[in-house]
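The residues making up each chain are set out below.
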Amino acid sequence: MRCFVRRPAVVGVFLVVAAASLAVGGCGSSKSNSSTASCSSHPAVQDKAIMPNGSSNPAAAASWTLPGGNLQNTRDVASPIDSSNVSKLGVAWCVPVEAATSSGTADGYATTPVVVNGVVYTQDLESNVMAIRLATGKVLWTHDYNSPNGGPDGVNVVNGTVYAATNHAAVALQPATGRQLWSRTLIGNDHEGIDMTPGYHDGTVYVSTVPVNPTVGEYLGHAEATLWALNAKTGAPQWSWDEVQNLWGDADVNSGGGLWDPPSFDRAGNLYIGVANPGPIGQSGWPRGYPWGTSRPGPDLYTDSVVKLSPAGKLLWYYQLTPHDLYDWDVQNSPVLTTAHGQPVVIDGGKAGILIELNAQTGKLLWKLPVGVHTGHDNDGLITEYAKPTSHIPLPAKFDLEPGVFGGVESQLATNGSTTFAAVNNLAVPISVKGVTESASAFVASIGKATGEMVAVDQDTGKIEWDDKLPSSPYGAAAVTNNVVFTTTYNGDLYAFNAATGAILLKTRLSASTNAPVTIDGDYVIAGAGVALSPGQRPLIIAYKLGAKGKLPETVGS
């Protein structure tokens, strides 16, 4: 199941979107738009960006040109920002998130922007792509697709091309104008969709389908996740890989898999992916006659797994964290490629609220660490893995499940080379043999009341270095520069922590609630506040800059 990106009205955990908002386009039209939000700032004249002054991590990216900072998805970049000056970040400019209002949904933005040649490229939850001048906040162009999906979306800009996706096709755009260069439909039926940032390596674009399509529903039968490798110049398929092994039997009921974020790549061009959950799942109600995932007996490979593939799409190894997942516990985040004890390792985590470290060569588990609140149901999938529909299941008739839907590690990890940082969400849901047992309104209310943590973990030992408790869920992932870690929280705050101690260095109010990660580029930090939960909140993309003195509109943040 997807993260909380487009779910203001939830029935069970299925999304409901007004039909009028679902005008799914093929090729949108490019258009220029120079407007920005009415921020009180001085964006027209900016000093030249200060060059990065280095980082304690020699593997840190020089700037945020790729979705995860670099090919290893470490989300660590060099910049002038550190613990001594992070409090001097002020508003430089802001740009409206049009999708948050035009679609009639509460959330229109959930991705990490990239910055290439002084231009910010990003995408909203209707698949619309936007280019913004970093120094001024001027919108250079938008390419509207009006193609809603489950998110988080995002773009990848490499070798003079912008790669993105609609809810059914991978697309390539010209970076100066937004003109579409090619489009390639990838879904096999209308139960499938696409909602990830494309990956790119050595002339190949990587895009996965998912069992989510807002025009129809989520996790319906015959919705298969397939990873596609496409020729970057033409969009022609080079190979594909089945993430869900022909849906483990009853394809009329079963579905699953998918990627939320791009693959990670090692120096040999091998790719590492984190695969989402199987379906059906209990949090949306079991189908009649098939309680506890009995329509899909077995481990349901390769869901909830970290998978390593060769550049030609050959399976090299996999590690499945949650066999026969019952509770929507995707391993959806991009695997982080880093080192421990001087050896290459892969670190990942997902909605099960468990971090894992694997040997990069073999996939062998090195350590496993539960983070956040757990209520004792981590191994329920093993109890029910080979049960039949009529079997007695030794689970309580009703219980509170945590991590629940939208809980655990919802968004991407970051590493500075020795410590991994994870944003953890503590959100419980009541579960029974029939599925979720609370109303849609109560469920949405529980998201707003949930708490969270930012956790720092020693990569050599798998031990927690520090753990900061937060009053709201940090759906804003982790991002690192020098000795500072950033995240955003659902209630609408941007946080900066001391990477060594966890001390809060900055807490500033955004223009609205948010589940979008931040980008750090030069002396800028860019945050998206796309969840408008009240009339006074303004969905904006906000650029903060060292020394900037701008202010957000007075009506926001309420």
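Every chain is numbered on its own, with residues counted from 1 as its sequence reads. Where local features are concerned, this predicted model is filtered to residues with pLDDT of at least 70; where side-chain atom pairs are given and counted, the filter is 80 or more; whole-chain, interface and lining totals use all residues. Calculated side-chain values reflect all of the structure's heavy atoms, with hydrogen atoms and water omitted.

Considerations on the sheet that holds strand β19 (residues 237-242)
In a beta sheet, neighbouring strands are held together by backbone hydrogen bonds and run either parallel or antiparallel to one another. Read from one edge to the other, the open sheet built from four strands follows the order β13-β14-β18-β19, with strand pairing classed as antiparallel. The two strands at the open ends of the sheet, each matched to only one other strand, are β13 (199-201) and β19. Taking each pair of neighbouring strands and ignoring which way they run, the sheet shows an average axis angle of 20°. Pairing between two strands requires that DSSP report at least two bridges joining them. Only DSSP runs of H or I reaching four residues or more are called helices, and only runs of E reaching two or more are called strands; each is numbered from the N terminus. Think of each axis as a best-fit line through the C-alpha atoms, taken over the contacting stretch in the case of a helix, with angles from 0 to 180 degrees between the N-to-C directions.

Some details on the pairing of strand β41 (residues 518-521)
Note on exposure labels: buried denotes an accessible area under 20% of the residue type's maximum, exposed denotes more than 50%, and partly exposed covers the range between, all computed with a 1.4 Å probe on protein chains only. Taking every second residue as pointing to the same face, both faces of β41 are buried, with Val-518 and Ile-520 on one and Thr-519 and Asp-521 on the other. Both β41 and strand β42 (residues 524-529) contribute to a ladder of four bridges, which runs antiparallel. Across the sheet, the residue bridging to Asp-521 is Tyr-524, located in β42. Two successive antiparallel strands, β41 and β42, enclose a turn made up of two residues, where Gly-522 displays a positive phi of approximately 60°.

A look at the sheet that holds strand β43 (residues 540-546)
Spatially, β4-β43-β42-β41 is the arrangement adopted by the four strands of the open sheet, whose pairing is antiparallel. The open sheet has two edge strands, β4 (89-96) and β41, and neither has a second partner. Strand-to-strand twist across the sheet, computed as the mean angle between neighbouring axes with direction ignored, equals 20°. Bridge count between β4 and β43: seven bridges; the pairing is antiparallel. Across the sheet, the residue bridging to Trp-93 is Ala-543, located in β43.

A word on the pattern of salt bridges
Salt bridge, as applied in this entry: a Lys or Arg side-chain nitrogen positioned within 4 Å of an Asp or Glu carboxyl oxygen. Within the structure shown, the criterion is met by eight salt bridges. Glu-410 is paired through a salt bridge with Lys-351; the nearest N and O atoms lie 4.0 Å apart. With a gap of 59 residues between them, Glu-410 in the loop between β30 (398-401) and β31 (414-415) and Lys-351 in the loop between β27 (343-349) and β28 (354-359) connect regions that are remote in the sequence. Residue Glu-410 is classed as buried on the basis of its relative accessible area, which comes to 3%. By relative accessible area, which is 0% here, Lys-351 ends up buried. Lys-545 serves as the salt-bridge partner of Asp-523, at 3.5 Å between the closest nitrogen and oxygen. A residue pair is termed long-range when its members are at least 10 positions apart, and Asp-523 in the loop between β41 and β42 and Lys-545 in strand β43 qualify at 22 residues. Overall, the relative accessible area of 1% leaves Asp-523 in the buried class.

Quick look at helix α3 (residues 440-449)
Buried within α3 we find Phe-443, Ser-446 and Ile-447. Buried residues in α3, looked at end-on, bunch into an arc of 105°, giving them a common side. Projecting away from the buried face of α3 at angles above 90 degrees are the exposed residues Ser-441 and Lys-449. An arc is given here, and it is the one of the directions from the helix axis to the C-beta atoms.

Overview of the confidence of the model for the protein chain
On average, residues of the protein chain score 88 in pLDDT, and 87% of them are at 70 or above. Across residues 1-35 the pLDDT falls below 50, and counting only partners more than four positions away or on other chains, this stretch makes 122 contacts in the model. What pLDDT reports is the predictor's confidence in each residue, on a scale of 0 through 100. Contact between two residues is taken to exist if any of their heavy atoms lie within 4.5 Å; hydrogens are not considered.

Quick notes on the packing of aromatic side chains
Geometry of aromatic contacts follows a simple scheme: Phe, Tyr and Trp rings, the Trp one being its six-membered ring, pair when their centres are within 6.5 Å, and the pair is stacked under 30 degrees between planes, edge-to-face over 60, tilted otherwise. Scanning all chains against the criterion turns up 15 aromatic pairs. Plain terms: the ring middles of Tyr-327 and Phe-399 are 6.2 Å apart, the flat faces sit at 80° to each other, and that makes the pair edge-to-face. Taken together, the residues span a long stretch of sequence, with Tyr-327 in the loop between β25 (315-320) and β26 (336-340) and Phe-399 in strand β30 at a distance of 72 residues. Each member of the pair, Tyr-327 as well as Phe-399, carries the same accessibility label: buried. Within the aromatic cluster, the residues linked to one another by ring pairs are Phe-421, Trp-466, Tyr-495 and Phe-497.

A few points about the environment of Ser-147
Looking at where Ser-147 falls in the secondary structure, it is placed in the loop between β8 (139-143) and β9 (156-158). The class of Ser-147 is buried, set by a relative accessible area of 0%. Linking Ser-147 and Leu-125, residues 22 residues apart in sequence, is a C-alpha distance of 7.9 Å.

A short note on the nonpolar core
We define a nonpolar core as any set of buried Ala, Val, Leu, Ile, Met, Phe, Trp, Tyr and Cys residues linked to one another through side-chain atoms lying within 4.5 Å. By size, the foremost hydrophobic cluster in this structure holds 34 residues, and its most contacted members are Trp-292, Tyr-327 and Val-346. At the level of secondary structure, the elements contributing two or more residues to this core comprise β25, β28, β30, β33 (429-432) and α3. Beyond its immediate stretch of four places on either side in the chain, Val-346 contacts Tyr-272, Val-306, Trp-317, Pro-335, Val-336, Leu-337, Ile-356, Glu-357, Leu-358 and Ala-360.

Considering unusual backbone geometry
Between Gly-151 and the following residue, Pro-152, the backbone shows a cis peptide bond with an omega angle of 20°. Note that Pro-152 resides in the loop between β8 and β9. Phi at Ser-127 takes a positive value of approximately 70°, unusual for a residue other than glycine. On the accessibility criterion, Ser-127 (0% relative accessible area) is buried. The backbone phi angle of Asp-153 is positive, close to 65°, even though this residue is not glycine. Among the structural elements, Asp-153 can be located in the loop between β8 and β9. The exposure class of Asp-153 is buried, given its relative accessible area of 2%.

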